[in-house]
Amino acid sequence: VEFGWSDDDRAFRAELRAFLDEILPPDWDEIAKGGPGSDEQVAFSRRFCPALAARGWLVQHWPAAFGGRDASPWRHAILGEELWARGEPRGPQYMNVNWIGPAIMRYGSDEQKRALLPPIARGEAFWCQGFSEPEAGSDLVALRTLALRQPSGSSGPDGHDYVVNGSKIWTSYANHAEHCFLLVRTDPESKRHHGITVLLMPMDLPGVVVREIPSVVGERYFHEVFLTDVRVPASCRLGPEGEGWEVVSYALQYERVGAARYARAALTLDALAARAPKGDPTVLEKLGAARAACEAARLLSYKVIDQRAHGLPPSADTNVARVAGTLAERAVADLALELFGAEAAEYGSFADAHFRLAMTAGVAVGTTEVNLNLVAARVLGLPRD
Amino acid sequence: VDFAPSDEQRAIAEAVEALLAQRAGPARAIELARKGEYDGALDAALGEAGFLELALGPETGLLEATLLVEAVARAGGVVSIGASALAAPGVAGRALPGPIALATAGEGGLVRFAAHARTALVLDGGVARAVALTPGSVAPVRSSFGWPMGRLPAAALRGGDPLGPGSGARLASLWRLALAAEAAGAMRAALDVTVEYAKRRRQFGRAIGSFQAVQHRLAECHVLCEGARWLALEAAWKGAPAEASAVAAAHALSAAGRLFAETHQLSGAMGYTREHDLHVWSMRLPALRLELGGLSAQLRAAAEARWP
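Keep in mind that what you see is a predicted model, and the values were worked out from it rather than measured.

A. Summary view of the overall build of chain A. Counting its secondary structure elements, chain A contains 12 helices and 8 strands. For 385 residues, the compact-globule formula gives about 21 Å, and the C-alpha radius of gyration of chain A, at 21 Å, lands near that figure. In terms of its C-alpha atoms, chain A occupies a principal-axis envelope of roughly 75 × 45 × 45 Å. Out of the 385 residues in chain A, the part that is buried amounts to 59%. Put simply, of all contacts in chain A between residues at least 6 apart along the chain, 70% involve residues at least 24 apart. A total of about 15600 Å² of accessible surface is found on chain A, and carbon and sulfur atoms cover 53% of it. The distance from the centre of the 40 positive side-chain charges to the centre of the 50 negative ones in chain A is 2 Å.

What follows is the structure, given as structure tokens:
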């Protein structure tokens, strides 16, 4: 057990901070307020991600064969921590490098790797994830979007297309994405996690319609994606037909702690503390509790990265870290309103922006309840019934 | 960063566990509590094995000592382990005669181990003072909270030799680290015994631990215990600086309130009995929340250290 950083890691963090100080524009805080999916932040990420890639940092944790540097998972974790602490200037592209790329490396065909990985590694690719459906949220395996084989008009390698019908919901970044990591049911008779397949679907295919869902969280946060007779070539299938659940289980373990949201909460808390009335014991107590919650979330996220660095399979510690992160974000959000008082009521104010981000913490990438179910079953060994 | 124990840490942990399996555990804690006694035999055995000097090195340090404190708390040991293994070596640079009571000059002197202690470490503003006590000279005070307690007389709170400039802040940090480690150990044991109970206890034809309303609360307790444990270990690895120690204490003692409430609620009436082991650990948690100015003081200390 030790908690130190190597000289290399420390130097990397310092170099990265200097790079960020230089590249982030003076009005970055304004840009960042809209969240990773806002038009402003997406536009900035089109400049930022290629710059990060040019430094060799965007996908440094990937194998060299795919444009990475075989860096340790810690390097990528430091990157995520520093970037989230600044409001995630990668915009939606954190998702690609965290788990979509690794899933393609593990399950993709040579052609998919050749076509899809280099744009991600260059910082030029926008993806969205087509998981949730109106009737399949926490219970993701209830998904019903159907993809049926039909002979291909063009001559794909497998000689067929999947014709996709259904809809996806809560899809962040769907308005900007060129590809969707889409979960479909390829066997209409199948139940639960059987018969699910992953398609890497181009978003510009005929029959794909994206509609924004107006929400209180922010503008262009959530979308619905309607799929009507969309012909997806069989060459877009990731992994074997009917075994998509294995692919997505692998991907989700990376996704749950992929976003270092605790780092953003900690930075917000620092800003709150700066304007807290000095010497008010009640406020100090709440600041102390929120700070402790952020620190706990940081360490429990580190524990997951440590397991990855040791080459261990993903465990329920991922769910533990996610719950801890949610507790931290909520503690900070409550304090934001309290310390900013009536000023928090203005849309786009500092407190308001954090409050809206934090309100998604317990639902995004798996609800707190699902995470707690998994901790109860896999860590505590509590029985189902 | 490495969350896995080194070979040496693993060897120490195994030796500690072997000793505790022989000399500690809930049955012994219940027996000692019945008589209001201190576990002098366990204290002596830990000392003879050299465990009380882990903090002094050269190959080991505060981290290994903190792992020891946590293990002793998990085993329900009735010894002044936080003071002996962390506070004394950290602030005095050497082991002090145990049992050791930790006290603050500004409070009433009602503290753990006072009636058995040979040394009191007193936090008096900016300095710490070590006060020699004659065992048996302090009358025991009966308490609900799982440890032998006593009230140090005013003379003891004012006496003794100052341990030098800065020793007060040092003692406060080490005390907070010790509280965090003791709470982490006791919380883990209280949670384990509650989880086992929830698996075994059947009502409405099924184990109560199969109800989601129960599972979620136990799972959240696990999240809090894990956070508390790793924060304590990180603070120890850093050498118990003011901020990390206060953060660890703040998180652990906040969690302790939740753990106390949930483990008792989910253990039903059985949790109130002295035949069920839960109370060995659960009833200590409120006492830890009273020390060094109480939970609110640890929360404020965490904020003041972060944003001076």
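B. Representation of the overall build of chain B within the structure. A count of helices and strands for chain B gives 12 helices and 9 strands. By the compact-globule yardstick of 19 Å for 308 residues, chain B fits well, its C-alpha radius of gyration being 19 Å. Seen through its C-alpha atoms, chain B measures out along the principal axes to roughly 65 × 45 × 35 Å. Of all 308 residues assigned to chain B, the portion counted as buried reaches 58%. Excluding contacts between residues fewer than 6 apart, the proportion of contacts in chain B whose partners are at least 24 apart in sequence is 70%. Only carbon and sulfur atoms are counted for the fraction: they give 53% of the accessible area of chain B, which is about 11800 Å². Counting 30 positive and 29 negative side-chain charges, chain B places the centres of these two groups 8 Å from one another.

C. The packing of aromatic side chains, seen in detail. Evaluated as defined, the whole model comprises 24 aromatic pairs over all chains. Geometrically, the ring pair formed by A:Phe3 and B:Trp230 is edge-to-face, given 6.4 Å between the ring centres and 70 degrees between the ring planes. In this pair, A:Phe3 is assigned in the segment before helix H1 (7-23) and B:Trp230 in helix H8 (residues 212-237), connecting two distinct chains. In this structure, A:Phe3 and B:Trp230 share a single accessibility class: buried. On the numbers, 6.4 Å between centres and 70 degrees between planes, the contact of A:Phe3 with B:Trp237 is edge-to-face. With A:Phe3 in the segment before H1 and B:Trp237 in helix H8, the pair connects residues from two separate chains. Each residue in the set A:Phe12, A:Phe19, A:Trp28, A:Phe44, A:Phe48 and A:Trp57 is aromatic and connected to the rest through ring pairs, giving one cluster.

D. Representation of the pairing of strand E3 (residues 119-124) of chain B. All names here are of chain B. Of all 6 residues in E3, 5 are buried, a share of seventy percent or more. Inspection of the sheet shows strand E1 (residues 100-104) paired to E3 by 5 bridges, in the parallel sense. Residue pairing across strands places Thr-104 opposite Leu-123, the latter belonging to E3. The pairing of E3 with strand E4 (residues 127-132) spans 6 bridges and is antiparallel. Bridge pairing links Ala-120 to Val-131 in E4. Taking the residues that link successive antiparallel strands as the turn, the E3-E4 hairpin has 2 residues, and the phi of Gly-125 there is positive, at about 60 degrees.

E. Here's a closer look at the environment of A:Arg356. Residue and element names in this part refer to chain A. Looking at where Arg-356 falls in the secondary structure, it is placed in helix H11 (residues 350-358). Overall, Arg-356 belongs to the buried group, its relative accessible area being 9%. With 168 residues separating them in the primary sequence, Arg-356 and Pro-188 have C-alpha atoms 39 Å apart. Once you skip the residues sitting within four places of it in the chain, Arg-356 turns out to touch Val-216, Val-217, Gly-218, Tyr-347 and Gly-348. A polar atom in the side chain of Arg-356 sits 3.5 Å from the side chain of Tyr-347.

F. Quick peek at the sheet that holds strand E2 (residues 110-112) of chain B. All names here are of chain B. Here we have 3 strands laid out as an open sheet, ordered E2-E6-E5, and antiparallel in their pairing. Each end of this open sheet is capped by a strand with a single partner; those strands are E2 and strand E5 (140-141). Sheet analysis places E5 next to strand E6 (residues 149-151), joined by 2 bridges and oriented antiparallel. Opposite Val-141, over in E6, you have Met-149 as the bridge partner.

G. Expanded view of the sheet that holds E3(B). Residues and elements named next belong to chain B. Pairing within the open sheet is mixed, and its 4 strands lie in the order E1-E3-E4-E7. Of all strands in the sheet, those with a lone pairing partner are E1 and strand E7 (161-162), marking the two edges. Sheet analysis places E4 next to E7, joined by 2 bridges and oriented antiparallel. Its bridge partner lying in E7, Arg-129 is registered against Pro-162. Taken strand by strand, helix H5 (residues 81-92) contacts E1, E3 and E4, and its axis lies near 65 degrees from that of E1. Helix-sheet contacts for helix H7 (residues 167-200) involve E1, E3 and E4, and the interaxial angle to E3 is about 115 degrees.

H. View of the nonpolar core. Judged by nonpolar contacts, the single largest core of 201 residues is most densely connected at A:Phe181, A:Leu287, B:Leu46 and B:Met187. For this core, the element with the most residues is H7(B), which contributes 19 residues. When sequence neighbours within four positions are dropped, the list of residues in contact with A:Leu287 reads A:Leu269, A:Ala273, A:Ala276, A:Leu335, A:Leu339, B:Ala303 and B:Trp307. Residues A:Ala177, A:Cys180, A:Val208 and A:Cys236 belong to the second largest nonpolar core, which totals 20 residues.

I. Structural view of helix H4 (residues 62-74) of chain B. Residues and elements named next belong to chain B. Counted at 1.5 Å a residue, the expected span for H4 with its 13 residues is 18 Å, and the 18 Å between its end C-alpha atoms agrees. Within H4 the residues assigned to the buried category are Leu-62, Leu-63, Glu-64, Ala-65, Thr-66, Leu-67, Leu-68, Val-69, Glu-70, Ala-71, Val-72 and Ala-73. In this fold, the buried residues of H4 make contact with helix H1 (7-23), helix H3 (40-48), H5, H7, H8 and helix H10 (278-282). At the C-terminal side of H4, Gly-76 shows a positive phi close to 70 degrees.

J. Fine view of the pattern of salt bridges. Counted under the stated rule, the structure contains 43 salt bridges over all chains. Measuring nitrogen to oxygen at the nearest pair gives 2.9 Å for the salt bridge that ties A:Glu285 to B:Arg300. With one member in each of two chains, A:Glu285 in helix H9 (residues 281-309) and B:Arg300 in helix H12 (residues 295-306) form a pair that bridges those chains. Among the charged side chains, a network of salt bridges with common partners joins A:Asp270, A:Arg291, A:Glu295, A:Arg298, B:Glu234, B:Lys238, B:Glu243 and B:Arg306.

The rules behind each value
Within every chain, residues take consecutive numbers counted from 1 along the sequence as written. The lettering of chains begins at A and the numbering of ligands begins at 1, in the order of writing. In keeping with the model being predicted, local features are shown solely for residues with a pLDDT of at least 70 and side-chain atom pairs are shown and tallied solely at 80 or more, while totals for entire chains, interfaces and linings include all residues. Only hydrogens and water are removed before side-chain values are computed, so all heavy atoms of the structure are retained for them. In DSSP terms, a helix is any run of H or I states spanning at least four residues, a strand is any run of E spanning at least two, and both are numbered starting from the N terminus. Our radius of gyration looks at C-alpha atoms and nothing else; its globule reference is 2.2 Å times the residue count to the power 0.38. Any residue under 20% of the maximum accessible area for its type is buried, any over 50% is exposed, and the rest in between are partly exposed; the area is computed with a 1.4 Å probe on protein chains only. Any two residues whose heavy atoms approach within 4.5 Å are treated as being in contact. Accessible areas in this description were obtained via Shrake-Rupley with a 1.4 Å probe; residue shielding takes into account the shown protein chains only. Think of it this way: Lys and Arg go in the positive column, Asp and Glu in the negative one, and His and the chain ends go nowhere. Just so you know, the charge point we use is NZ for Lys, CZ for Arg, CG for Asp and CD for Glu. Two rings belonging to Phe, Tyr or Trp (six-membered ring only in the last case) form a pair when the distance between their centres is within 6.5 Å. Interplanar angles under 30 degrees mark stacking, angles over 60 mark edge-to-face geometry, and anything in between is tilted. Pairs of strands are assigned from DSSP output, requiring at least two bridges between the strands. Any N or O atom pair separated by 3.5 Å or less is treated as a polar contact, with the protein-specific requirement of one donor-capable and one acceptor-capable atom, and with residues adjacent in sequence counted only for side-chain atom pairs. Between N-to-C directions, angles span 0 to 180 degrees; the directions come from axes that are lines fitted to C-alpha atoms, helices contributing only their stretch in contact. Throughout this description, the term nonpolar core refers to a set of buried Ala, Val, Leu, Ile, Met, Phe, Trp, Tyr and Cys residues connected via side-chain atoms within 4.5 Å. Multiplying 1.5 Å by the residue count of a helix minus one yields the expected span of that helix. In the sections that follow, a salt bridge refers to a side-chain nitrogen of Lys or Arg positioned within 4 Å of a carboxyl oxygen of Asp or Glu.

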